[in-house]
Amino acid sequence: MRRTRAALVAVAAGALVLTACSSGGGGGGKSTENKDAKAKQSKSAQELAGAITFGDDAASKGPAEPVPGAVSGGTMNVLERDSYTHLDPGQIYVQNEYQLATLIHRGLTTYKLDNAGKYTVVGDLATNSGEQSDGGKTWTFHLKDNIKFQDGTPITSKDIRWTVERLFAPFITNGPAYLQQWLANTSGTDYRKLLPAGPYNGQHLPDTLLSTPDEKTVVFHFTKPQPDTPYLFALPGYAVVDSAKDTKQAYDKAPVASGPYMIKDFNQGKSMTLVKNPNWDPNSDSSRHQYVDSFAITFNHQYEDSTKRMMSDAGENQTSVSFSNAVDTDNTPTVVGTPSIYKRTVAGYQPFTGQINFNMKRITDLNVRKALALAIPTKPVYQALGAEYGAEYAGGFLSPALAGYQKSDPLGKIANPNGDAAAAKKILTDAGKVNTKITYAYVNTTQGQQYSVAIAAALKAAGFDVQRKELPSDTYYDLIGKVDNQYDIYASAWGADWPSASTVIPPVFDGRTIADQAPNYSHVNDPYINSQIDKISAMTDPAAAQKAWFDLNTYITTKVIPAVPTVYYKQLQLFGSKVGGAVYNNMWSGIDCTKLFLKP
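Residues numbered from 1 in each chain as written. Predicted model: local features only at pLDDT ≥ 70, side-chain atom pairs only at ≥ 80, totals over all residues. Heavy atoms only, no water.

**Q** Please set out the pairing of strand E8 (residues 217-221) residue by residue, giving values where relevant.
**A** By the criterion of burial, E8 is predominantly enclosed, with four of the five residues buried. The sheet contact formed by strand E6 (residues 138-142) and E8 spans five bridges and is antiparallel. Residue Thr 140 lies in a different strand from E8, and its bridge partner there is Val 219. Both strand E7 (residues 210-214) and E8 contribute to a ladder of three bridges, which runs antiparallel. Counted as the bridge partner of Ser 211 is Val 219 from E8. Between the end of E7 and the start of E8, which pair antiparallel, lie two residues. (Buried < 20%, exposed > 50% of the residue type's maximum accessible area, 1.4 Å probe, protein only. Helix = DSSP H or I, 4+ residues; strand = E, 2+ residues; numbered from the N terminus. Pairing = 2+ DSSP bridges.)

**Q** Describe the sheet that holds strand E4 (residues 119-123), and please don't skip the residues or the numbers.
**A** Strand order in the open sheet made by the three strands is E1-E4-E3, with mixed pairing throughout. Looking along the sheet, the strands with just one partner apiece sit at the ends: strand E1 (53-54) and strand E3 (109-113). Relative to E4, E3 runs antiparallel, the two being bridged by five bridges. Across the sheet, residue Lys 112 finds its bridge partner in E4, namely Thr 120.

**Q** How would you summarise the nonpolar core if you had to cite specific residues and measurements?
**A** Soluble globular proteins tend to pack their nonpolar side chains together in the buried interior. Within the largest apolar cluster, 52 residues are counted, with the highest numbers of intra-cluster contacts made by Leu 179, Leu 183 and Phe 220. Going through the elements one at a time, helix H4 (95-104), E3, E4, E6, helix H5 (157-165), helix H6 (178-184), E8 and helix H7 (229-232) are the ones with two or more residues in this core. No other element matches H6, which puts four residues into this core. Discounting residues that sit within four places of it in the chain, Phe 220 has contacts with Leu 108, Lys 137, Thr 138, Trp 139, Phe 141, Val 164, Leu 179, Leu 183, Leu 209, Leu 210 and Phe 233. Among the nonpolar cores identified, the runner-up in size contains 48 residues, and Phe 358, Ala 391, Ile 427 and Leu 428 belong to it. (Core = buried A, V, L, I, M, F, W, Y, C linked by side-chain atoms within 4.5 Å. Contact = heavy atoms within 4.5 Å.)

**Q** Tell me what's going on with the side chain of Asp 510, and back it up with residues and numbers.
**A** Relative to the helices and strands, Asp 510 resides in the loop between helix H16 (505-509) and helix H17 (527-537). Asp 510 gets classed as buried once you look at its relative accessible area, which sits at 8%. The contacts of Asp 510, once residues within four sequence positions are left out, are Ile 505, Asn 520, Val 524, Asn 530 and Ile 533.

**Q** Hey, could you go over the side chain of Thr 353 for me, with residue numbers and the actual values?
**A** Looking at the element boundaries, Thr 353 is found in strand E13 (residues 345-358). Judged by its relative accessible area of 4%, Thr 353 is buried. When residues no more than four places from it in sequence are discounted, the contact partners of Thr 353 are Gly 396, Phe 397, Leu 398, Ser 399, Ser 492, Ala 493, Trp 494, Val 567, Tyr 568 and Tyr 569.

Written out as structure tokens, the structure reads:
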């Protein structure tokens, strides 16, 4: 999912989402109406509609709830498109590496998905999801008993301190920066000034920021309340690093495991083998299992390749799965239309919400923005992403994968995805704005071409004078990310870092963050939005904060209209007939690797 460092990753991810539309990930608009498929894909939103709770000691106690029918043993084949660039927790910030991290790394907290489909943030290395005091400024974690690295070395508070302090070192450049910024009480990369060399020259963070009074206690002291701290520490980027075996840059290729599996071998770009970690104690882990003896991972499997292999279900494909690959769009109708294949799928949400931004430095009239929002059809985008198997119509900017999700449609984009050109034209006519010139920048993929033509035609029908401007996919976000760009409307996609709107609304709609390449692509700077962001960010009651974020989402959508939401991203994944325990985990945006087993 999901912010100076985070912005770069989410933007890159969004770019991948857009460019995927022209290849395996996206287009053609082929749709097979299937009620069972819709039920499978909508179930996740119903599960997340209630608040995701922060677990206490009982919820965090292992072992994990058994997966029905699970047996131990065997080697599972894993077909992946992309190799792993980073294995060091501090450098992990993309989805496929998140998936791997659930098997080899552990942090202070994690997500537990039970057999009933309920998500809970639980203590992972910690005994619970964290204990707050001082109005949410201080967070205390107590470590569990019998938590060890793969060589049997106990994990202590020294390792947690080291893990945090090394994040300030100059070679850690790819992971999340929330924690560092919270501790330094700053934004951007200024946090590095707090501990420029990390812990490597003997310097450490002061106890006033991070204290470890004994081997099993870790206390974080923030300047401002940080109610999302339990979510924060569930990010793989904050998983524990062995302080005694930290090899700096080299750790990125050979990390020390703390999870149920460890790396036996890794041939970059070709293969990886995971085997059981003998020093992982299931009694200390409330969310993971260790059913499979080993995972044999191979790379360079495009979506079409992995889909066809698992559709065939022949030979070793029966024991095959993909952690990250989706069913390719061209084969989706066959997969969902063939009961014997479709029953071997899982589906759920990705963290991205798509939107078409209105450049508020150029489009200053609210009536023009409202007319744009009403006129723009979202169906072409929906079809380009694979219809109901790759997308869901969006009514707002906050995804169903966020805690406390409230379904709403204030602009009528779900009810009428074809747009309302007549209503839009009336607004323009009444405001004396007919023939307003609009420069529409779009990505030059096959699907970008397709849906931009449909959107431009709808805008012309509504009374706009539209000029399309093609932008190359590899530099698309660089170009629309310039504050002084010369475009009026353009698409983007944003993904939350954890299931809270606090990782969506502030980075995307806070006017104080406007800068080149910052994700406030609409350049909205509304005093009420800014003040509400500060107010909600200080709330210590998660449920109250969730409601407030969704109320603010409605205000942004209807009163400011800096953009129009298009779709929530989803994906469909396939697995072999001998793969058991397959469920989709919305927190990791893919199949839950920790529950898999091989059927006899």
